Amino acid sequence: MHALSRQALTGVAALLVFGASSARAQAGLTSNLATVALTATKAATLTVSTDVATATLASITDNSTANNFSQVNLTTAWNLTAGSSVRLIGYFSTPAQALANGSNFIPSSKVQGRVGATAYAAFTSGAVGGVGVAGGSLQLFSQAVAAGSFLGTRNDVLDLRLDLTGTTTVAGDYTGLLNIQAVVQ
Amino acid sequence: MSFHTGRYFLLALGVILTFRARELSGQAHIISLAATAPSVLSVTVTSGAVQTIANVTDNAVNNFPIPVGIQTSWDLNPGQTSTVSLIAYFSVPAQALVGPTQIPSSRVLGRMTTGIPTTFTALTQNAVAGIGTAGGSLQLFAVNILGANKTDTRNDNLDLQLNLVGFPTLPAGAYVGVLNIRAVTQ
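Conventions we followed
- Residues numbered from 1 in each chain as written.
- Chains lettered and ligands numbered in written order.
- Predicted model: local features only at pLDDT ≥ 70, side-chain atom pairs only at ≥ 80, totals over all residues.
- Helix = DSSP H or I, 4+ residues; strand = E, 2+ residues; numbered from the N terminus.
- Buried ≥ 20, exposed ≤ 12 C-beta atoms within 10 Å, placed from the backbone.
- Contact = placed C-beta atoms within 7 Å.
- Pairing = 2+ DSSP bridges.
- Axes fitted to C-alpha atoms, helices over the stretch in contact; angles between N-to-C directions.
- Core = buried A, V, L, I, M, F, W, Y, C linked by C-beta atoms within 7 Å.
- pLDDT = per-residue confidence, 0-100.

A.B. asks: Even after reading the chapter, I still don't get the overall build of chain A, so can you show me in this structure?
C.D. replies: The secondary structure content of chain A amounts to one helix and 12 strands. Starting at the N terminus and ending at the C terminus, chain A contains elements arranged as α-β-β-β-β-β-β-β-β-β-β-β-β. The proportion of buried residues among the 185 residues of chain A is 24%. Contacts in chain A between residues at least 24 apart in sequence constitute 72% of all its contacts with a sequence separation of at least 6.

Printed below as a string of structure tokens:
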């Protein structure tokens, strides 16, 4: 009888120990790890804006380069993932008719532009990176970019003038549209 | 020993062995038996395990496209467990999403309308019962365990946002991260 009681106590003790260990296991029981894969993509961008929609020249002076349009401020912004340069191109869609006054035209070769302190140049170049028109374009700047400068912006002043040296124009209003577009190469 | 004599001898021996067997059973040791079903706690992402924002907008709140469906199941002893909590967290809060630059977990917001953060809340909380990371966690729900729900399964939707309001312009590129989800008992 004494041996029987001892065995029973041993069994109860074993149960208590087992139960205690089970309680410890449940407090702080953790589940498996579930995951959610997140991807957010920021698209590359390249934008050009101007502070004014119109540049004007109040009075044309024949046979002169003193025909300056009002100043245009340009802002070019880029956010890229690749490329080695950002280039800004100005161009006329129809070089022979950059500005028109009825059937009287001023060709793009008589329109000059510059950015910053560079020299004036006529809009007579070809397209750059598919942007522009043959014989009616002018690269305004080429900005080198790399991994550390793929996100950037720059502000420029665009000066425009008519070079009418050797030219006499018919009186009237001449209007035209200069396109400005950036491209990454 | 004749055949009959031998048969009686065997019969008598059998009776003696039977009585002896009864005597032996009276001395058997007491063996306590205990069988415990292991506790179960599991989390499954039933939908939306891959979340993609195709074109992030700077300085704006960007919604991830679909909710994350989460199923949480448990089979517990209510005498040993008071609550089940579900926690979402990023392993490195400062780098919740990584691309050309890093987006911290403070810019990732979660909402579980059936849980605790019923409005979009940043993943900036601390760990719960050792699950999660300091400053990179969000407790999604906490349910009390009683007899009635000691074995249960619940399904919840987790909505996610990327809040870039006031955040510097993101350099172009892909930003990737892993949101961890785990349950714990207390």
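A.B. asks: What's the story with the overall build of chain B in this structure? I'm lost.
C.D. replies: Looking only at helices and strands, chain B has one helix and 12 strands in total. Counting all 186 residues of chain B, 31% fall into the buried class. Intrachain contacts of chain B at a sequence separation of at least 6 include 72% that bridge at least 24 residues.

A.B. asks: What should I look at first to understand unusual backbone geometry in this one?
C.D. replies: Unusually for a residue other than glycine, Asn63(A) sits at a positive phi of about 50°. With respect to the helices and strands, the residue Asn63(A) is situated in the loop between β2 (45-50) and β3 (72-79). Even without a glycine there, the phi angle at Asn59(B) is positive, about 55°. By secondary structure assignment, the location of Asn59(B) is in the loop between β2 (50-53) and β3 (61-63). Residue classification places Asn59(B) among the exposed positions, given that 12 C-beta atoms sit within 10 Å.

A.B. asks: Honestly, the interface of chain B and chain A in this entry has me stumped. Any pointers?
C.D. replies: It is common to give the size of an interface as the accessible area that goes away when the parts come together. Contacts between the two partners involve 49 residues from chain B, matched on the other side by 35 residues from chain A. Among the elements of the structure, β1 (40-47), β2 and β12 (173-185) of chain B are those that each provide at least two residues to the side of chain B that touches chain A. When residues in the side of chain B that touches chain A are grouped by element, the largest group, 13 residues, is from β12(B). Summarising the sheet, strand β1 (residues 34-42) of chain A and β12(B) pair through nine bridges and their orientation is antiparallel. Note that in β12(B) the partner of Lys42(A) across the bridge is Gly173(B).

A.B. asks: Could you clarify how one ought to interpret the sheet that holds strand β7 (residues 111-115) of chain A in this entry?
C.D. replies: Note on sheets: strands pair through backbone hydrogen bonds, and any given pair is parallel or antiparallel. If you trace the five strands from one edge of the open sheet to the other, you get β2-β3-β10-β7-β8 (chain A), paired in antiparallel fashion. Two strands in the sheet have a free side with no partner beyond their single neighbour: β2 and β8 (121-122) of chain A.

A.B. asks: Would you mind going over the sheet that holds strand β9 (residues 137-144) of chain A with me for this structure?
C.D. replies: Residue and element names in this part refer to chain A. The strand order β9-β4-β12 describes an open sheet built from three strands, whose pairing is antiparallel. Since the sheet does not close on itself, it has two edges, and those belong to β9 and β12 (179-184), each with one partner. The sheet shows a mean angle of 20° between the axes of neighbouring strands, taken without regard to direction. Summarising the sheet, strand β4 (residues 85-91) and β9 pair through seven bridges and their orientation is antiparallel. Of the residues in β9, the one forming a bridge with Val86 is Gln143.

A.B. asks: Any chance you could explain the nonpolar core here in plain terms?
C.D. replies: Looking at soluble globular proteins, one finds that nonpolar side chains tend to be buried together. Counting residues in hydrophobic clusters, the biggest one holds 42 residues, and the most contacted among them are Ala40(A), Ile87(B), Ala88(B), Leu140(B), Leu158(B) and Ile181(B). Mapped onto this core, the elements with two or more residues apiece are β1 of chain A together with β1, β4 (68-75), β5 (83-89), β8 (108-111), β10 (137-144), β11 (151-163) and β12 of chain B. The residues contacting Leu140(B), other than those within four sequence positions of it, are Leu86(B), Ile87(B), Ala88(B), Met112(B), Gly115(B), Ile116(B), Pro117(B), Asp156(B) and Leu158(B). Listed in part, the 25 residues of the second largest apolar core include Trp78(A), Phe123(A), Leu158(A) and Ala172(B).

A.B. asks: Explanation requested: the confidence of the model for chain A in the structure shown.
C.D. replies: Residues and elements named next belong to chain A. Looking at chain A as a whole, the pLDDT averages 90, with 85% of positions reaching at least 70. Note on residues 1-5: pLDDT is under 50 here. Beyond four places in sequence and across chains, it has one contact. Counted against residues more than four places away or in other chains, residues 8-25, with its pLDDT under 50, gives 11 contacts.

A.B. asks: Any chance you could explain the environment of Thr44(B) here in plain terms?
C.D. replies: In this structure, Thr44(B) sits in strand β1. Residue classification places Thr44(B) among the partly exposed residues on the basis of 16 C-beta atoms within 10 Å. Considering only alpha carbons, one finds Thr44(B) and Ile31(B), 13 residues apart in sequence, at a separation of 41 Å. Leave out the neighbours within four places in its chain, and Thr44(B) touches Ala34(A) and Gln71(B).

A.B. asks: I tried to follow the confidence of the model for chain B on my own but got confused; where do I start?
C.D. replies: Residue and element names in this part refer to chain B. For chain B, per-residue confidence averages 89 on the pLDDT scale, and 85% of positions sit at 70 or higher. Note that residues 1-6 has pLDDT below 50 and, in this model, one contact with residues that lie over four places away or in other chains. ipTM for the predicted complex: 0.82, alongside a pTM of 0.78.

A.B. asks: How should I be thinking about the environment of Ala40(A) in this particular structure?
C.D. replies: For Ala40(A), the location among the structural elements is in strand β1. You can call Ala40(A) buried: it has 25 C-beta atoms within 10 Å. In this structure Ala40(A) touches Ile53(B), Val56(B), Asn62(B), Leu97(B), Leu162(B) and Tyr175(B), once residues within four positions along its chain are discounted.

A.B. asks: Would you mind going over the environment of Thr35(A) with me for this structure?
C.D. replies: The residue Thr35(A) is located in strand β1 in this model. Linking Thr35(A) and Ile180(A), residues 145 residues apart in sequence, is a C-alpha distance of 48 Å.

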